[in-house]
Amino acid sequence: MTDLLSKFDAYIAEHQGLLATGVNDPFGVVMEKVLSPTRAIINGRETILVGTYNYMGMTFDPDVIAAGKKALEEFGAGSTGSRVLNGTFAPHIAVEQALKDFYGTRSAIVFSTGYQANLGMVSTLAGKGDYIILDADSHASIYDGCKLGNAEVVRFRHNNVEDLDKRLGRLPEGAGKLVILEGVYSMLGDVAPLRELVAVAKKHGAMTLVDEAHAMGFFGKHGRGVYEELGLEDDVDFVVGTFSKSVGTVGGFAVSNHPKFEILRLVCNPYRFTASLPPAVAATAEASIRKLMTAREKRDNLWAVSRRLHAGLKDAGFQMATGTPESAIIAVLLPDQVSTVAMWHQLLEHGIYCNMSRPPATPAGIFLLRCSLSAAHTLADVEEIVRRFIAARESLASVKAA
């Protein structure tokens, strides 16, 4: 019998070798108790959370929690069915209306996860004979959506307007084309030149889908994302997002003004063949989205702490992934996997939790520690985070010298 898991032996050996050095497992962290959007107990120690994507700090908002409790009592623990059968409850309609109000769009559709939102939209919009043109650094859910569908897939170099123009120019003029972009890219925290990219897509007659998962809540006048900040609301055809970042719960969605958008409910398999979100989760999402509509103070603080963290780490001599703070993702570059894991381990020992990222999650050859701040962090928190980064680096140097 052929062991179907044997193809992963190299990964198993690499992971076991990593743990044999005595470091904590970067992919096995357990939060024993969450104290707030910025603090948790990990390994029995109070730890500052600097890698949760809880951008707007909504996970412990009292109104959000109250909405979830009320829906849990009224509708029970789950839906036990698809949205097109028995899985549509009043909270699902309410959260879709909240999304339409938030984005100012005609339609909104909610998926059970952000991953499924991309899986469903990408695989359904472009079919046999169509073309998907996507940024090479696109999220795994976008790539998997391409695999699920039947369209031809063309990649262009990350954030490269000229390369997109060239590749679109090679495609048949009358073919259906979908250009997929992200407002903020989750690994490096860099922002796409959407104005130029969308203009090129329109020049070649392509429709556009923009994933604003890491920009919703704090980019743009209303917090809709990078596309709103750049004034592209009339030029982008579809916007995809998630509830697991700024909204503070779980789920995914897509919004659009396309007059035929609602047909997706009947033709999109990841929507129609998946159990819907528990009503209590939909209720928490609705409450959070409605509060995000007037969260100007939170947005301003998130930008303030993000800029300060980037400046503090840069001044301390860390190599940053972006020259300036482009988003709430602040990424620190390291030379290789061993040094990245070792530094991550030391940070955890010093009471800092951030994300350790490596290929294939990151672009080839890039290893980094990814920090993401919350509107609940303070400037005093940031100063402490920087101090602990410096202390962790010093501890790592001592270990290497011993």
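The structure this text deals with has already been given above.
For every chain, the first residue of the written sequence is number 1, and numbering continues from 1 along that sequence. It should be noted that, the model being predicted, local features are given only for residues of pLDDT at least 70 and side-chain atom pairs only at 80 or more, the latter also being counted only at that level, while totals for whole chains, interfaces and linings use all residues. In computing side-chain values, all of the structure's heavy atoms are included and hydrogens and water are not.

Visitor: Sorry, what's going on with the pattern of salt bridges here?
Guide: When the charged atoms of two side chains with opposite charge come close together, those side chains can pair. We define a salt bridge as a contact between a side-chain nitrogen of Lys or Arg and a carboxyl oxygen of Asp or Glu at a distance within 4 Å. A full pass over the atoms with the stated rule returns 22 salt bridges. Asp300 serves as the salt-bridge partner of Arg296, at 3.8 Å between the closest nitrogen and oxygen. Taken as a pair, Arg296 and Asp300 lie in helix H12 (residues 296-315) at a separation of four residues, close to a single helical turn. The class of Asp300 is partly exposed, set by a relative accessible area of 44%. In the salt-bridge network here, residues are joined through shared partners; they are Arg83, Glu96, Glu262 and Arg265. The way it works is that DSSP assigns letters per residue, a run of H or I at least four long becomes a helix, a run of E at least two long becomes a strand, and they are numbered from the N terminus. Summary of the burial criterion: residues with accessible area below 20% of their type's maximum are buried, those above 50% are exposed, and those between are partly exposed, where the area comes from a 1.4 Å probe applied to protein chains only.

Visitor: Sorry, what's going on with unusual backbone geometry here?
Guide: For residues besides glycine, phi is generally negative; the peptide bonds are generally trans as well. The phi dihedral of Asn43 falls on the positive side, at around 55 degrees, and the residue is not glycine. Among the secondary structure elements, Asn43 is positioned in the loop between strand S2 (39-42) and strand S3 (45-49). Judged by relative accessible area, which is 45%, Asn43 ranks as partly exposed. One non-glycine residue, Tyr53, lies in the positive phi region at around 65 degrees. Structurally, the position occupied by Tyr53 is in the loop between S3 and helix H2 (62-75).

Visitor: When you look at the packing of helix H6 (residues 161-169) against helix H7 (residues 194-203) in this model, what are you seeing that I'm missing?
Guide: Packed helices, taken two at a time, are described by the angle their axes make and the gap between the axes. The contact between H6 and H7 brings their axes to 9 Å, and the two run at 10 degrees. The angle between H6 and H7 falls in the class roughly parallel. As for the relative orientation of H6 and H7, their crossing is right-handed in sense. Contacts from Val161, Leu164, Asp165 and Leu168 in H6 reach Glu196, Leu197, Val200, Ala201 and Lys203 in H7. Orientation is described by axes fitted as lines to C-alpha atoms, over the contacting stretch for helices, and by angles from 0 to 180 degrees between their N-to-C directions. An angle counts as roughly parallel when it lies under 35 degrees, as roughly antiparallel when it exceeds 145, as roughly perpendicular when it falls between 65 and 115, and as oblique in every other case. Less than a right angle of anticlockwise turn of the near helix away from the far helix marks a crossing as left-handed, whereas a clockwise turn marks it as right-handed. Residues are treated as being in contact if the distance between any of their heavy atoms lies within 4.5 Å.

Visitor: How should I be thinking about the layout of surface pockets in this particular structure?
Guide: Empty space among the atoms becomes visible once a probe the size of a water molecule is rolled across them. A cavity here means a set of 1 Å grid points, computed over protein atoms only, where a 1.4 Å probe fits but cannot escape. A pocket is an open set with protein on both sides within 12 Å along at least 5 of 7 lines, and lining residues have an atom within 4 Å of a point. Grid points are joined across faces, edges and corners, and a volume is the space filled by probe spheres set on the points. Each pocket or cavity is described by its volume, and for the largest pocket that value is around 860 Å³. Lining the largest pocket are 38 residues, with His139, Ala140, Ser186, Met187 and Ala361 sitting closest to its centre. Elements represented by at least two residues in the lining of the largest pocket include exactly helix H4 (114-125), helix H5 (140-148) and strand S9 (238-242). It is H5 that provides the largest number of residues to the lining of the largest pocket, a total of five residues.

Visitor: What is the right way to read the sheet that holds strand S13 (residues 355-357) from this model?
Guide: By definition, the strands of a sheet pair up through backbone hydrogen bonds, in either a parallel or an antiparallel sense. Strand order across the open sheet formed by three strands is S11-S14-S13, with antiparallel pairing between neighbours. Each edge of the open sheet carries a strand with a single partner, namely strand S11 (329-334) and S13. Taken pair by pair, the neighbouring strands of this sheet meet at an average axis angle of 25 degrees, ignoring direction. Two strands are said to pair when DSSP picks up at least two bridges between them. Relative to strand S14 (residues 367-372), S13 runs antiparallel, the two being bridged by three bridges. When the bridges of S14 are listed, Met356 appears paired with Leu369. The sheet contacts of H12 involve S11 and S14, and relative to S11 the element is tilted by about 15 degrees. Running over the sheet, helix H13 (residues 337-349) touches S11, S13 and S14 and is turned about 35 degrees from S14.

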